Structure formats: structure tokens, C-alpha cells
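# Residue-level structure breakdown
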Amino acid sequence: MFVHYLQLGLGSLRRNPLLTALMVMSIGFGVAASMVTYAVFRVVSGDPIPQKSSRLFVPQLDNRGPRYNRNGEPPDALTYTDAMALMQARRAPRQTMLYQVGLSVMPQQPGRLPFKALGYATFADFFPMFDVPFLYGRGWNADGDEARAPVVVIGRQLNQRLFGGTDSVGRTVVMDDQAYRVAGVIDDWNPQPRFFDMFSSNGYADPPQIFVPFNFAVAAGIETYGNNSCGSGGKRGSDRESWLRGECVWVSPWVELDDAAQVQGYRSFLEGYARRLREAGRFGWAPNVRLRDVRQWLDYRGAVPPESRIALAVAIGFFMICLVNTIGLLLAKFLRRAPEIGVRRALGASRRDIYLQFLAEAGMVGLAGGALGVLLTGVGMFGIGLVFQPQIARLAHLDLRLVALSLAVAIAATVLAAFYPTWRAAQVQPAWQLKSN
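Quick look at the structure, then. Values in this document were obtained by computation on a predicted structure and should not be read as measured data.

### Some remarks on the pairing of strand β1 (residues 56-61)
Of all six residues making up β1, six are buried, and the element is well covered by its neighbours. Of the two faces of β1, the one carrying L56, V58 and Q60 and the one carrying F57, P59 and L61 are both buried. Strand direction decides the pairing type here: β1 and strand β9 (residues 252-256), joined by two bridges, are antiparallel. Across the sheet, residue L56 finds its bridge partner in β9, namely E256. Inspection of the sheet shows β1 paired to strand β10 (residues 289-293) by five bridges, in the antiparallel sense. In the strand pairing of β10, V58 is matched with R292.

As C-alpha cells, this is what we get:
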């Protein structure tokens, strides 16, 4: 019977191609606008590390006080002194600190010019904490941290550029006149947003290509390539040592805590650490600390650009207008078929049969509109860069999930929009229609 209703609907749509085309276009444009903006929103609002986002935390410590902090919130990074104190306390099963570095890489081929590579100085736990995938080798271990070994983990792109993509573990890379031994090569890895460095990046930068031991980088005098915030009342100092031991924040901390007890224990430790600093005279205010997991951290840092929320809301509003237009077109189309409905009712068709017939016809309109919407969504992907930042625009893409969602939304929305026109069609009185015709 359902196939029969589909055949009736197809015949009806063919009898009035102009009206059918208007409805399909209305649905198609509405779906395309919504899906293009949703594709962007999906990228920027997704969980970059869902398997661990509830176990990775950012500790924050207020070293500026209520006079200089922002809305009562501690700075988004730590001073070198506090970062080292937290590392040496070892209160988390895994912990790391990191800061952004930019080093000049000497190509392996003679005659080539050096080029800049960006990455991070960090600790050994960085790689297992963030589930970094390796193509060759692995990261250094804790002994490498303590030994301040000149080793490096490079990204797949840099390995391709320097060594043609072969296994380069054990080979030497010269960066800023320092020879590093390659300990591992990372496979394609660039979580979006880049949750572990929302302090120095906008979260959507190119994949990092170098990772060097934190202790070695500090000892070698490698400056931060990222942000360095000394606050309104801070001072950088006259030399590197005074900056290193001062109140400027530039180190991003992360800890991995496995359960609620460890989270509570680490929060208590942070408060106790801040309290001891107050007693020692460094801080003149009550302990002000935070311990945010990945989702809370991204929300706090505003990882979702406001323009993506606005664009999605505008697109959904446009889709609603398209649906209202579709309701009007369906109403006109269905009521023009009142004589046909009257005959069917007189021959024994129930109101349920009328509902099924016209909702099936609306579903066909929705399917055609969804197909058009998928096509327009694909075209719209090329124009995302006109509205959003290029780093964000290039992340949005049309995949099978988005195609399926587009078709499902189009069909469901059109069927819902057809309920009122179908209800009006089902109210047609067969006796009156037979008499008037």
C-alpha cells in the first residue's frame, strides 16, 4: 500500500512541475544553508580527545591577585617557577608542561635554505597523555627529561621534507645550530581545536612539527615562540634569568587524573600550594585556583568562534522561513485536489489513508529537496572561507554523515511541515465535493 501511495505522490508531483520545483528549491536552499554552517560548527565545537577529555585537566593559579586578574580568573598559563614546582611535586599520575618553540631547521640536502618549524618544548608524558600516534620510533622517556638530552620528535610532514618519508629514527636534525637525534616520527596528528595550547594559538593552526625536551630547551635558552603575559602589574625583568624567575606566565600545564578522588586531591594540593605562597609572602590574597577538564577549558577559552554560532542561528532561521513557504505551497497544492479527495473518501478511503498518501508525497518532496541540498552544500563548502577564518574554513568538509544528516533533516522537516496541509485535506467532506462537482 505504501508503494501505491508513493506512486500516487509521484504522479501528483509530475502533474504540477512548477509548484513541485518551487517546493524542492525551498527545501534544498534551506537545508544547504543549515548544513554548511553546521559543518563549521561541528568542527569547532567537537571534542578533540573524547576518550580522555574528562581525565585531562588544566591547573590554574592566580599569581596576580584581584587587582590585576581578569574577572577574578587566574591567568591561563603558569610562571616557570610555579610550573617547575608542580612538576617536582608529582601529584598526578601523568603531568606535563609545554611552551611553543620556533626553530630554524637546516635541510639535509646541500644548497637548500633553512626554514622555520614550529612545535613545543614539553615533557615525556606529553605523548602518552594525549595519545599521540607514532609512525616511527617513540617519544623520549623521563630519563631524557632529567638528562636534558638533545632529542627531537618530528612530525610526518617534516620527516617527508627532510628524509623523504623514510624511517629517520636515530638520524640527526640540525636546528638553530644544535644537532638533535630523532627519537620518533609522529603520524598525522592535529586535534582540532588544539586544546592543549589555547594559550599561544587560536586552536586551529597547522600541525606542530617538532617536540623537544622542556628542560633541554630552557637550559639551551630557547625562547618561547608563543604568548608571554606579564600582566598589567608584571615586569619582564632586565635579563633572561629575572624573566625566568619572575611573574610572567608562558607555560601551559596539563595533568591526567583518573578518578574523582584524584581530582579532589589535586585541587586540594593546588589550594595548599597557593596558601603556602601566601604565608611565604609572595601572594597577598586568598588562594584562587582552578582545575578545568578539556570541555570546561574549551568553553572557558571560547574555542567556538561567536561567528559560527551566529551563522548557524541565521541559517536555521532561514530554513524555518523556507519551511513556512513550503507549508503554503503544500496547502495550495493539496486543497486544489479537493475533488480527488472527495471521490477517494466516497469510495471508502479513510482519513488515515489520506494522511498516509499526502505525507508520503511530502516525503518525496523532502527527499528531492535533500538531494538538492546536498549538492548545494558541496558548492557552499567553497565559500566558507569568505565568512570564517581560513584555518577554520579548511576543516569543514562534506562527508557521508553530513550527506545522511542532510537527507534525514530534509525529509523529516518536510513531513512535519506537511501535517497542517494534510490535516486540512483530510477534513474535505466527500458529500459536498460530489455535489459541487
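### Examining the packing of helix α15 (residues 400-417) against helix α16 (residues 419-426)
Here α15 crosses α16 at 40°, and the two axes come no closer than 4 Å. One element, α15, and the other, α16, form an angle in the oblique class. Residues V415, L416 and A417 of α15 form the contact with α16, whose own contacting residues are F419, Y420 and P421. A breakdown of the residues in the contact of α15 with α16 according to their chemical character gives six nonpolar, no polar and no charged.

### Focus on the layout of surface pockets
Empty space within the largest pocket amounts to approximately 400 Å³. Residue lining of the largest pocket: 18 residues in total, with M87, R90, F123, E146 and N215 positioned closest to the centre. Counting residues per element, the ones that place at least two in the lining of the largest pocket are α3 (80-89), α5 (142-147) and α7 (214-219). The leading source of residues in the lining of the largest pocket is α3, at four residues. Class assignment for the residues of the lining of the largest pocket results in ten nonpolar, three polar and five charged. Within this model, the second largest pocket holds a volume of roughly 250 Å³. Taken together, 16 residues make up the lining of the second largest pocket; nearest its centre are A117, L118, D206, P207 and Q209. Those elements that provide at least two residues to the lining of the second largest pocket are β3 (115-122) and α6 (156-163). When residues in the lining of the second largest pocket are grouped by element, the largest group, six residues, is from β3. When grouped by side-chain class, the residues that make up the lining of the second largest pocket number eight nonpolar, four polar and four charged.

### Digging into a nonpolar patch on the surface
A contiguous nonpolar patch, built from M25, F29 and F318 and spanning about 280 Å² of accessible area, is present on the exposed surface. Structurally, F318 can be placed in helix α11 (residues 306-335).

What counts and how
- The numbers attached to residues start from 1 for each chain and follow its sequence in the written order.
- Owing to the predicted nature of the model, reporting of local features is limited to residues with pLDDT of at least 70; listing and counting of side-chain atom pairs is limited to 80 or more, with chain, interface and lining totals taken over all residues.
- Excluded from the side-chain calculation are hydrogens and water; included are all heavy atoms of the structure.
- For every residue, the accessible area obtained with a 1.4 Å probe (protein chains only) is divided by the maximum for its type, and the residue is called buried under 20%, exposed over 50%, and partly exposed between those limits.
- A run of H or I in DSSP becomes a helix once it reaches four residues, and a run of E becomes a strand once it reaches two; helices and strands are each numbered from the N terminus.
- DSSP calls a pair of strands paired once it identifies at least 2 bridges connecting them.
- The convention used is that axes are lines fitted to C-alpha atoms, helices contributing only their stretch in contact, and that angles between N-to-C directions extend from 0 to 180 degrees.
- Oblique is the label for any angle not covered by the other classes, which are roughly parallel (under 35 degrees), roughly antiparallel (over 145) and roughly perpendicular (65 to 115).
- Contacts between residues were defined by any pair of non-hydrogen atoms, one from each residue, lying within 4.5 Å.
- Three classes are used: nonpolar for Ala, Val, Leu, Ile, Met, Phe, Trp, Tyr, Cys and Pro, charged for Asp, Glu, Lys and Arg, and polar for all others, with Gly counted as polar.
- Using protein atoms alone on a 1 Å grid, points that fit a 1.4 Å probe yet trap it form a cavity, whereas open point sets bounded by protein on both sides within 12 Å along at least five of seven lines form a pocket; residues with an atom within 4 Å of a point count as lining.
- Grid points are joined across faces, edges and corners, and a volume is the space filled by probe spheres set on the points.
- Patch construction takes residues with relative accessible area above 30% that form no salt bridge. Like charges are linked within 9 Å, and nonpolar side chains (Val, Leu, Ile, Met, Phe, Trp, Tyr) are linked within 5 Å.
- Using the Shrake-Rupley algorithm and a 1.4 Å probe, accessible areas are obtained, with residue cover drawn only from the displayed protein chains.
- Think of a salt bridge as a Lys or Arg side-chain nitrogen and an Asp or Glu carboxyl oxygen that are within 4 Å of each other.

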